[in-house]
Amino acid sequence: MFYREAGQFKTSYTADMAVFPILQDRIGIAVVLVIAAVIIPLFGNDFLLQAVMTPFLVFALASIGLNLLTGYTGLLSLGTAGFMGVGAYACYKLTTAFPGVNVIIWIVASGFVSAAVGVLFGLPSLRIKGFYLAVATLAAQFFLSWCFIRVPWLFNYNVSGAIEVPTRTLFGVPVTGPNSLPVTRYLIVLAIVVVMTWLASNLIRGRFGRMWMAVRDMDIAAELIGIRLLHTKLLAFAVSSFYCGVAGAMMVFLWYGGAEADVFNINQSFTILFMVIIGGLGSLIGSFFGAALIYILPIILRIVPAELGVPLHAATVEHLTFIIVGALIIGFLIIEPHGLARLWQIGKQKLRVWPFPY
Amino acid sequence: MDLLYKVFIDPFLQMGGAPDLLVQTLWDGLVSGILYSLIALGFVLIFKASGVFNFAQGIMVVFAALTLVGLYEHGVPAYLALAITVVVMLGLAFSVERLMLRPLVNQPDIILFMATFGLTYFLIGLGELVFGGDPKVMIASELGLPKGAIEVKMAGGFVSLQKIDIAATVIASVMVASLAVFFQKTRIGRALRAVADSHKAALSVGISLEQIWVIVWFAAGVVALATGIMWGARSEVSFALQIIALKALPVLILGGFTSIPGAIVGGLIIGIGEKIGEFYWGPLLGSGIESWLAYMIALVFLLFRPQGLFGEKIIERI
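Residues numbered from 1 in each chain as written. Chains lettered and ligands numbered in written order. Predicted model: local features only at pLDDT ≥ 70, side-chain atom pairs only at ≥ 80, totals over all residues.

Turning next to the overall build of chain B. When helices and strands are counted, chain B shows 13 helices and 2 strands. Scaling as 2.2 N^0.38, a compact globule of 318 residues should have a C-alpha radius of gyration of about 20 Å, and chain B matches this with 21 Å. Per-residue burial for chain B yields a buried fraction of 46% across its 318 residues. (Helix = DSSP H or I, 4+ residues; strand = E, 2+ residues; numbered from the N terminus. Rg over C-alpha atoms; globule rule 2.2 N^0.38 Å. Buried ≥ 20, exposed ≤ 12 C-beta atoms within 10 Å, placed from the backbone.)

This next bit is on the overall build of chain A. A count of helices and strands for chain A gives 14 helices and 4 strands. Rg of the C-alpha trace for chain A: 21 Å, near the compact-globule value of 21 Å for 358 residues, within the 12% margin. By principal-axis analysis of the C-alpha atoms, chain A measures approximately 65 × 60 × 45 Å. Per-residue burial over chain A gives 44% buried out of 358 residues.

A few words now on the packing of helix α12 (residues 284-308) of chain A against helix α13 (residues 314-335) of chain A. Residues and elements named next belong to chain A. Where α12 meets α13, the axes come as close as 10 Å, and the angle between the chain directions of the two elements is 135 degrees. Taken together, α12 and α13 sit at an angle that is classed as oblique. Helix-helix and strand crossings are classified by hand; for α12 and α13 the assignment is right-handed. On α13, the residues touching L297, P298, L301, R302 and P305 of α12 are V317, T321, I324 and V325. (Axes fitted to C-alpha atoms, helices over the stretch in contact; angles between N-to-C directions. Parallel < 35°, antiparallel > 145°, perpendicular 65-115°, else oblique. Left-handed = near helix turned anticlockwise from the far one by under 90°. Contact = placed C-beta atoms within 7 Å.)

Moving on: the domain arrangement of chain A. All names here are of chain A. In terms of domain boundaries, chain A breaks down into domain 1 (1-8 + 20-43) and domain 2 (44-353). Relative to domain 2, the C-alpha centre of domain 1 lies at a distance of 25 Å. Taken together, the contacts link 7 residues of domain 1 with 8 residues of domain 2. (Domains from an automatic or database assignment.)

Our next topic: the environment of I346 of chain A. Structurally, I346 of chain A is set in helix α14 (residues 340-353). Taking the number of C-beta atoms within 10 Å as the measure of exposure, I346 of chain A has 12 and is therefore exposed.

Moving on, we get to the nonpolar core. Ranked by size, the top nonpolar core spans 207 residues in total, and within it L61 and M250 of chain A together with V216 of chain B carry the most contacts. The contacts of M250 of chain A, once residues within four sequence positions are left out, are V58, I107, V189, I192 and W255 of chain A. (Core = buried A, V, L, I, M, F, W, Y, C linked by C-beta atoms within 7 Å.)

Let us now look at the interface of chain A and chain B. Across the boundary between the two partners, chain A contributes 34 residues, which contact 37 residues of chain B. Ranked by residues supplied to the side of chain A that touches chain B, first place goes to α13 of chain A with 12 residues. Its residues assigned to classes, the side of chain A that touches chain B comprises 29 nonpolar, 3 polar and 2 charged. (Nonpolar A, V, L, I, M, F, W, Y, C, P; charged D, E, K, R; others polar.)

It is worth spelling out the packing of helix α5 (residues 103-122) of chain A against helix α10 (residues 229-256) of chain A at this point. In helix packing, the relevant descriptors are the interaxial angle and the interaxial distance, both defined with respect to the helix axes. Residues and elements named next belong to chain A. At a minimum axis separation of 6 Å, α5 and α10 run at an interaxial angle of 140 degrees. By the criterion of interaxial angle, the relationship of α5 to α10 is oblique. Helix-helix and strand crossings are classified by hand; for α5 and α10 the assignment is right-handed. Residue composition of the contact of α5 with α10, grouped by class: 17 nonpolar, 8 polar and 1 charged.

With that settled, the discussion passes to the confidence of the model for chain B. Overall, the prediction assigns chain B a mean pLDDT of 80, with 92% of residues at 70 or greater. Mean pLDDT values over the elements of chain B span from 69, in strand β1 (residues 149-154) of chain B, up to 89, in helix α4 (residues 78-101) of chain B. (pLDDT = per-residue confidence, 0-100.)

Now for the pairing of strand β3 (residues 173-176) of chain A. Here strand β2 (residues 168-170) of chain A pairs with β3 of chain A via 3 bridges, running antiparallel. Along β3 of chain A, the bridge assignment pairs T169 of chain A with P174 of chain A. (Pairing = 2+ DSSP bridges.)

Residue and element names in this part refer to chain A. Its place among the elements puts R352 in helix α14. R352 sits in the partly exposed class, given 16 other C-beta atoms within 10 Å. With 350 residues separating them along the chain, R352 and F2 place their C-alpha atoms 7.7 Å apart. When residues no more than four places from it in sequence are discounted, the contact partners of R352 are Y3 and R4.

A few words on helix α6 (residues 163-185) of chain B. With 23 residues, α6 of chain B should reach 33 Å at 1.5 Å per residue; the first-to-last C-alpha distance of 33 Å fits that figure. Looking only at α6 of chain B, the buried set comprises I164, D165, A168 and A172 of chain B. (Expected span 1.5 Å × (residues − 1).)

As structure tokens, this is what we get:
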């Protein structure tokens, strides 16, 4: 009744091609942005900002990165955390080498380093496919995390072997390091994620996105209609690693405030792959849903017994969380193999014709 | 020049200089190769029969070993515990088929792959909840596995062979041989191969897919139990084993996803290559290259033979 496009006429192609052609969608996204940018920083406490929203956005960005590669181009990758690590370490090296330049510039710039590494490890994708490619990306994952431990140059030869985020300011306000406020960091993460999501949504609607999807659907056929496979696949690796690299840099600089190599281990890669698949392969909004489900759900599960006054040991809660998350993953896949994004679409469709069944 | 010397000449001089060390390294590689092969075998069994890339194989190894040790700690005699564990793995196979595979039939591979991820999480949680997360000692001697080492005089020195490793080698060989016979000679084995070739054709000649899936998952469970016992006896039973199980992936790549002999040969190549690489070339790069060397070997290998050593040739049609 409320959500339908009846009566909204388009008078130009540009209007017809808009990201949100329906007025209600535009209102919806505006409301979400206002909540995210104004209401949460104003009323949220530090726990919500620091331990829920910031990580959620970081994971969402990493999921978008992986989704561009796996969901849109059809190249399965298990090296996401490795590429995130490249971003984080590159950002650390850059900001310690050139402390005068603003750290936000370096966070974004480190994505390019990550993209270069991604292209390097993407080279085998021309010859190998499917699970075989997944193992090739595992090589990247293990090699990179070995580098993070064994190459002291990466963490400036400090004894702990960990990277510690120095304090950097923007207009006199500390944005990274121990003195920065969670609110500041949250807003920066939010800004970067919103801009990069918008870029990604335009990218996949344009020529490159269509090339990627053609390759995903059938690469030989795509080659026959004149898409250069090498370029397309490597571009997908580059863009995907760029997103993952920025996400990794944000993770260390704006969330953790310091990290060891172990943060970027194989389990992190799997977690992000989870988010992408549960959220929905080939869907940007799905990346957000997936990140929310996989990251926020365990937090809620941990809080619930304490809130209800059920006396459970912390370790038991941890184990139960594993069991519940595992069962939920299987459950979601059985109910809707195309992920939460498809559920969202079905819901929207139902809403359009409501109160009639069709 | 110096670097080239260190990479291409020095390691071989070392090998020639101390042949007993070389033999020892080869043996260590062989043994870990066999254990990789056993894990890979579990993957191959399930992949062949259901096309599912079972990520949970690693945690199944841990889970089986934990169940065995956990039961023993609760006072169940060792052999009875072994029998009960086998029954548990059968139960697991049944529930996986009922609750996971059957509702997901006909879904794309990646969805099934993800579902086994869910299974992994579930089993990690369940295993830790029931048996606790601490590493446990495998009840090797109670199960009649030998202990200690034999010193063999060989190649101008002594090579020490752990008895448990020899036992592992023998058990693995027996297992592979019996699986091969099972696949080639028995009625169920033929049905399994038929399912592997084509689900639809197998269904049309009256083979029950459900039954076959239970059987392969059970077989993979038994393989997991054997792997768990062997690996547990060498180190200890802990959840870290699950990461080691990822090493089975390069093995699968070398051997091809559908070939049992491939899993064995691939495992041996990876195991030996890794140990030799770590021992002779590792110090050049700083140690620990074992963690990624196997994947790199597989990666280089893939560039030349994308379908693995024994895999079927990939033919693509439009």
